[in-house]
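Coordinate analysis (summary)
Each chain is listed here by its residues.
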Amino acid sequence: MTAIRAEGLYAYYGTTPAVNGLDLNVPEGATFGFLGPNGAGKTTTISMLTTLLRPTAGHAEVAGFDVTTHAAEVRRRIGIVFQESTLDLELTATENLRFQADLCGLGRAEARAAVAAMLDMMELTGRDRTPVRHFSTGLRRRLEIARGLLGSPRVLFLDEPTTGLDTQTRAAVWHHLDRLREEQGITVFFTTHQLEEAEHCDRIAIFDRGKLVTEGSPAELKSVIGADVVDLRTEDDRLAVDLLSDRFGLTAESTPGGLRLRVQDGASMVPRLCTGLGLTVRSVTVTPPSLDDVYLHHTGTAIRDSGSGARSLDSLGEGLR
Ligand SMILES: Nc1ncnc2c1ncn2[C@@H]1O[C@H](COP(=O)(O)OP(=O)(O)OP(=O)(O)O)[C@@H](O)[C@H]1O
C-alpha cells in the first residue's frame, strides 16, 4: 500500500512556486529521504503533507486520506518532528510527552503507558523528571522524536531531524529511527540536505527549486549514473586532456588535484589509460558513483556547495534564475 501519494502538488507564496507540480509515491514501511538544498521547498512539502499548509493546487493523500478534505483523519495517523524545537523547556521530559498525549486524546492510563514506552524506546527513562532546558541538543531531538511517536502514527514526518547535531549524536538518532522502522514498520519521511543520511533510506527523492529531479533507491540512482570517477594526475595534465580526448574520446575536467573523468568500467580502463597516454601517471584512483555524483548529475551542483548559496539565490528571487 502507498503511505504518501502526491499528484501535481503546488504551493505558491505570492506568485513564486515553492513546490512546482510534485508527483510522489512513498510505499508503506519505507524510509524515504527528501533531499535538496536550502530553499528547495522541502519544508513546504512537509507542511502540505501534514495538513499544516493547504496546497495551492493538486492532490495528496497520506495513510489513505486526502490532506485537504480529510485533514483530521490524516492528523490522527501521522507524527511530526519539526525542524525547530517546539519542546517546552521549563517542563520535564515526561510533562512534555503527557501534554502531547492529551493533544492526541489518549486516556489517563493509556497516556501513562504510551509515555513510559516512548521514554524507554528513545532511551530517556533515566531523565524523565529532568527539565528539558538541562537537555543537550541530542537528547532534545530524541525527546522530540518520542513525542512525534506518541499517537502511534503510521507515518512519521521529520524535517531535517539531525541538523545541528554532531556526528555521534546524529548516528544515535539514526540508530533509533532505524530501530523504529524495523520494530514498528512505520513509514518514515524525512527531509535533509545531508547526503550521508540518504544512505539510511529505502528510497530517495532529490528535490530542487520546487521540482522533483529524480527518485529511486540509492542503488538505482547510482546505477543510472553508471560511471566510475577516475582521478588522475600526470606529468603534464594539460597535454593529458588533449590526449584523453584524441586517443580515448574521453572528456576530462580539471580539479585542484589533477584531472577527473568518468568511464564505464574504471578497473579495466585505468591500465589502458596508463599505457596508452604516453605520459608518466603520478597517481590514479577509481571511485564508484556516490550519491554526491547522483546529485551533481541531476542538479549541476554539488550538494555541499548548494546549501547556503542556494538560500541566498532564493532570497534574490526567481527572476534571477
Ligand atoms: N512563509 C513563506 N513566505 C514566503 N516565502 C516562503 C515562505 N516559506 C518559505 N518560503 C520560500 O519558499 C521556498 C522554499 O522554502 P522551504 O522552507 O520550503 O525550503 P526548504 O527546502 O525546506 O529549505 P531549508 O532546507 O532551508 O529548510 C524558499 O524560497 C523560501 O524562501
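As annotated in an unreviewed UniProt entry, the protein chain is ATP-binding cassette domain-containing protein from Streptomyces werraensis. Entered under Sequence similarities (unreviewed entry) in the UniProt record, the comment concerning the protein chain runs "Belongs to the ABC transporter superfamily." Reading the Subcellular location (unreviewed entry) entry of the UniProt record for the protein chain gives the comment "Cell membrane".

1. Observations concerning the overall build of the protein chain
Scanning the protein chain for helices and strands turns up 12 helices and 14 strands. Looking at the protein chain residue by residue over its 321 residues, the buried ones come to 36%. A fraction of 69% describes how many contacts in the protein chain between residues 6 or more apart in sequence connect residues 24 or more apart.

2. Considerations on the site of the ligand
If you check the shell around the ligand, you find 12 residues, and the closest are Y13, A18, K42, T43 and T44. Sorting elements by how many residues they give to the shell around the ligand places helix α1 (residues 42-49) first, with 3 residues. Among the residues making up the shell around the ligand, the classes are represented as 3 nonpolar, 7 polar and 2 charged.

3. Side note on the sheet that holds strand β4 (residues 57-62)
Within the open sheet, the 4 strands sit side by side as β2-β1-β4-β5. Their pairing is antiparallel. Here the strands that pair on one side only, and so sit at the sheet edges, are β2 (16-27) and β5 (65-66). As paired elements, strand β1 (residues 2-13) and β2 share 9 bridges and run antiparallel to each other. Bridging across to β2, I4 finds its partner in V26.

4. What about the packing of helix α8 (residues 218-225) against helix α11 (residues 291-299)?
Interaxial distance between α8 and α11 falls to 9 Å at its minimum, and their mutual angle equals 60 degrees. In terms of axis orientation, α8 runs oblique to α11. The chirality of how α8 crosses α11 is left-handed. Along its contact with α8, which presents P218, L221, K222 and I225, the element α11 presents L291, D293, V294 and H297. Across the contact of α8 with α11, the residue classes break down as 5 nonpolar, 1 polar and 2 charged.

5. Side note on the packing of helix α3 (residues 93-103) against helix α5 (residues 137-148)
Direction vectors running N to C along α3 and α5 enclose 25 degrees, while the axes themselves pass 9 Å from each other. If you check the angle between α3 and α5, you find them roughly parallel. In terms of crossing hand, the pair formed by α3 and α5 is right-handed. From α3, A93, N96, L97 and Q100 reach across to α5, where they touch L143, A146 and R147.

6. Topic: the domain arrangement of the protein chain
For the protein chain, the domain assignment lists domain 1 (2-217) and domain 2 (227-288). Averaged C-alpha coordinates put domain 1 and domain 2 at centres separated by 44 Å.

7. Topic: the sheet that holds strand β11 (residues 228-234)
Pairing within the open sheet is antiparallel, and its 4 strands lie in the order β12-β13-β11-β14. What marks the edges here is a single partner per strand, and that holds for β12 (253-255) and β14 (281-287). Within the sheet, the average angular offset between the axes of one strand and its neighbour, ignoring direction, is 30 degrees. As paired elements, β11 and strand β13 (residues 258-263) share 5 bridges and run antiparallel to each other. Bridging from a neighbouring strand, D231 pairs with R260 of β13. Here helix α9 (residues 237-248) sits on the sheet in contact with β11, β12 and β13, set at roughly 20 degrees to β13. In the packing of helix α10 (residues 266-276) onto the sheet, the strands contacted are β11, β13 and β14, and the crossing angle to β14 comes to about 165 degrees.

8. A few points about the nonpolar core
Grouped together as the largest cluster of nonpolar side chains are 64 residues, with contacts concentrated most on I4, V62, M118, A146, V155, F157 and F189. Not counting residues within four places of it along the chain, the set of residues in contact with F189 comprises I4, V26, F32, F34, V155 and F157.

9. Side note on helix α4 (residues 108-121)
With 14 residues, α4 extends 20 Å from end C-alpha to end C-alpha; this agrees with the ideal 20 Å at 1.5 Å per step. On its buried side, α4 packs onto α3 and α5. Positive backbone phi, at 55 degrees, marks E123, one or two positions downstream of α4.

10. Regarding unusual backbone geometry
Of note in this structure, T51 is not a glycine but carries a positive phi near 70 degrees. Position of T51 among the secondary structure elements: in the loop between α1 and β4. Positive phi, normally seen in glycine, also occurs at E160, with a value near 45 degrees. Mapped onto the secondary structure, E160 falls in the loop between β7 (155-159) and α6 (167-184).

11. A short note on the environment of R247
Mapped onto the secondary structure, R247 falls in helix α9. For R247, a count of 13 C-beta atoms within 10 Å translates into the label partly exposed. Spatially, the C-alpha atom of R247 lies 52 Å from that of A3, the residues being 244 residues apart in sequence.

Reading the values: rules and limits
Residues numbered from 1 in each chain as written. Predicted model: local features only at pLDDT ≥ 70, side-chain atom pairs only at ≥ 80, totals over all residues. UniProt positions renumbered as here; feature names shortened; annotations may be inferred. Helix = DSSP H or I, 4+ residues; strand = E, 2+ residues; numbered from the N terminus. Buried ≥ 20, exposed ≤ 12 C-beta atoms within 10 Å, placed from the backbone. Contact = placed C-beta atoms within 7 Å. Near = placed C-beta within 6 Å. Nonpolar A, V, L, I, M, F, W, Y, C, P; charged D, E, K, R; others polar. Pairing = 2+ DSSP bridges. Axes fitted to C-alpha atoms, helices over the stretch in contact; angles between N-to-C directions. Parallel < 35°, antiparallel > 145°, perpendicular 65-115°, else oblique. Left-handed = near helix turned anticlockwise from the far one by under 90°. Domains from an automatic or database assignment. Core = buried A, V, L, I, M, F, W, Y, C linked by C-beta atoms within 7 Å. Expected span 1.5 Å × (residues − 1).

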